[in-house]
Amino acid sequence: MAAKVITIANQKGGTGKTTVCMQLAGTFSHSGEATLIIDADKQGTATRWAASAGEDAPFPSRVLSHAEADGPVHRAIVDNTRLYRYIFVDCPPAVESPVTQSALLVSDLVLVPVIPSPADLWSSVGIRELVHRMARTNRRLEARLVANMCQPHTVIAREILGIMSDFGIPLLRTRLHLRTAYRQSALFGSTVRELGRGADSAGQEVQALAHEVLEALS
């Protein structure tokens, strides 16, 4: 069976694209699925994340660096669709990047992480327009917003989350909160699952997000 392709994209840096990518891919791998991450961002954060893991506990998903390629990343995706059940693509923070557009050509789902703030929501308008445009070519493409780095006790966050529901891309129910565990997992080259009981809340969020991703792919 050909892999399901999940692209993580936004035009703004700092929204947690790589965090969402690594946590989801690692979670899928832990469930026994053959999972590949294609690091399509020249910053190479996903590649460095996986490289931080120790030899006795490597990152659960394979990471393939495509950061030096300016051409069509969809070729690398297609080349691996028979080898994996899920392929995650971590895109650069540039809505007009040929890499992002290439990935969306062959994706089943695009996840758009957005921090609940006015500036971050405004910055996501470009990726919304790109997704809608690419969906006219790739008819199977689905899109979902992921509320990331949430601080639920602030008034502005609650207001922006309400606005996100009407953004034009469906908002997933699961919210990833601003937690130290997500930064720690990058430091140790792991997912939050490997951090132990102190990261239980983050682990539950990621697991819930993974379930919603599977729903969107079905």
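Since we're looking at a predicted model, the values are computed, not measured.

*Asks:* What am I meant to see in the sheet that holds strand S6 (residues 142-150) here?
*Replies:* As a general point, the strands of a sheet are linked pairwise by backbone hydrogen bonds and lie either parallel or antiparallel. What the 7 strands build is an open sheet, ordered S3-S2-S4-S1-S5-S6-S7; its pairing is parallel. Every interior strand has two partners, whereas the edge strands, strand S3 (62-65) and strand S7 (171-177), have only one. Direction aside, the axes of adjacent strands within the sheet are offset by 25 degrees on average. Pairing of strand S2 (residues 35-39) with S3, which is carried by 4 bridges, proceeds in the parallel orientation. Bridge pairing in S3 links Ile-37 to Val-63. Here helix H1 (residues 17-30) sits on the sheet and contacts strand S1 (4-8), S2, S3, strand S4 (86-90), strand S5 (109-114), S6 and S7; the angle it forms with S4, its principal contact strand, is near 165 degrees.

*Asks:* Just checking my understanding: could you explain the packing of H1 against helix H9 (residues 200-217) for this structure?
*Replies:* A pair of packed helices can be characterised by two numbers: the angle between their axes and the separation between those axes. Two elements in contact, H1 and H9, have axes whose closest approach is 10 Å; the angle formed by their N-to-C orientations is 80 degrees. Compared by their axis directions, H1 and H9 come out roughly perpendicular. Of the residues in H9, those in contact with Val-20, Gln-23, Leu-24, Thr-27 and Phe-28 of H1 are Val-206, Gln-207, Leu-209, Ala-210, Val-213 and Leu-214. For the contact of H1 with H9, the class distribution of residues is 8 nonpolar, 3 polar and no charged.

*Asks:* What am I meant to see in the environment of Ile-8 here?
*Replies:* Positionally, Ile-8 belongs in strand S1. Sequence separation between Ile-8 and Arg-144 is 136 residues; the distance between their C-alpha atoms is 9.9 Å. Apart from residues no more than four positions distant in its own chain, Ile-8 is found in contact with Lys-17, Val-20, Cys-21, Phe-88, Val-89, Asp-90, Cys-91, Leu-111 and Pro-113.

*Asks:* It is not clear to me how the pairing of S5 should be interpreted in this structure. Could you clarify?
*Replies:* Where a strand is regular, its side chains alternate between the two sheet faces. Across the 6 residues that make up S5, a large majority, 6, are buried. Judged from the 3 bridges that link them, S1 and S5 form a sheet pairing that is parallel. Bridge pairing links Thr-7 to Val-110 in S5. Looking at chain direction, S5 and S6 are connected through 6 bridges and run parallel. When the bridges of S6 are listed, Val-114 appears paired with Ala-147.

*Asks:* What is the right way to read the packing of aromatic side chains from this model?
*Replies:* The geometry of an aromatic ring pair is captured by the separation of the ring centres together with the interplanar angle, meaning the angle of the planes. Summed over the entire model, instances satisfying the criterion amount to 2 aromatic pairs. Ring geometry for Phe-28 versus Tyr-86: centroids 4.7 Å apart, planes at 80 degrees, classification edge-to-face. Taken together, the residues Phe-28 in helix H1 and Tyr-86 in strand S4 connect sequence positions 58 residues apart. Judged by relative accessible area, which is 4%, Phe-28 ranks as buried. According to the relative accessible area criterion, Tyr-86 is buried, its value standing at 7%. With 5.5 Å between their ring centres and 85 degrees between their planes, Phe-28 and Phe-88 make a pair best called edge-to-face. Residue Phe-28 is found in helix H1, and its partner Phe-88 is found in strand S4; the two are separated by 60 residues along the sequence. A relative accessible area of 0% places Phe-88 in the buried class.

*Asks:* What is the right way to read helix H7 (residues 155-164) from this model?
*Replies:* Given 3.6 residues to a turn, an α-helix orients residues that are three or four positions apart in the same direction. Considered for burial, the residues of H7 that qualify are Ala-157, Ile-160, Leu-161 and Met-164. Seen along its axis, H7 keeps its buried residues to an arc of 105 degrees; they face one direction.

Procedures and definitions
Residues numbered from 1 in each chain as written. Predicted model: local features only at pLDDT ≥ 70, side-chain atom pairs only at ≥ 80, totals over all residues. Heavy atoms only, no water. Pairing = 2+ DSSP bridges. Helix = DSSP H or I, 4+ residues; strand = E, 2+ residues; numbered from the N terminus. Axes fitted to C-alpha atoms, helices over the stretch in contact; angles between N-to-C directions. Contact = heavy atoms within 4.5 Å. Parallel < 35°, antiparallel > 145°, perpendicular 65-115°, else oblique. Nonpolar A, V, L, I, M, F, W, Y, C, P; charged D, E, K, R; others polar. Buried < 20%, exposed > 50% of the residue type's maximum accessible area, 1.4 Å probe, protein only. Phe/Tyr/Trp six-rings, centres within 6.5 Å; stacked < 30°, edge-to-face > 60°. Arc of directions from axis to C-beta.

These figures come from the coordinates and say nothing about function on their own.
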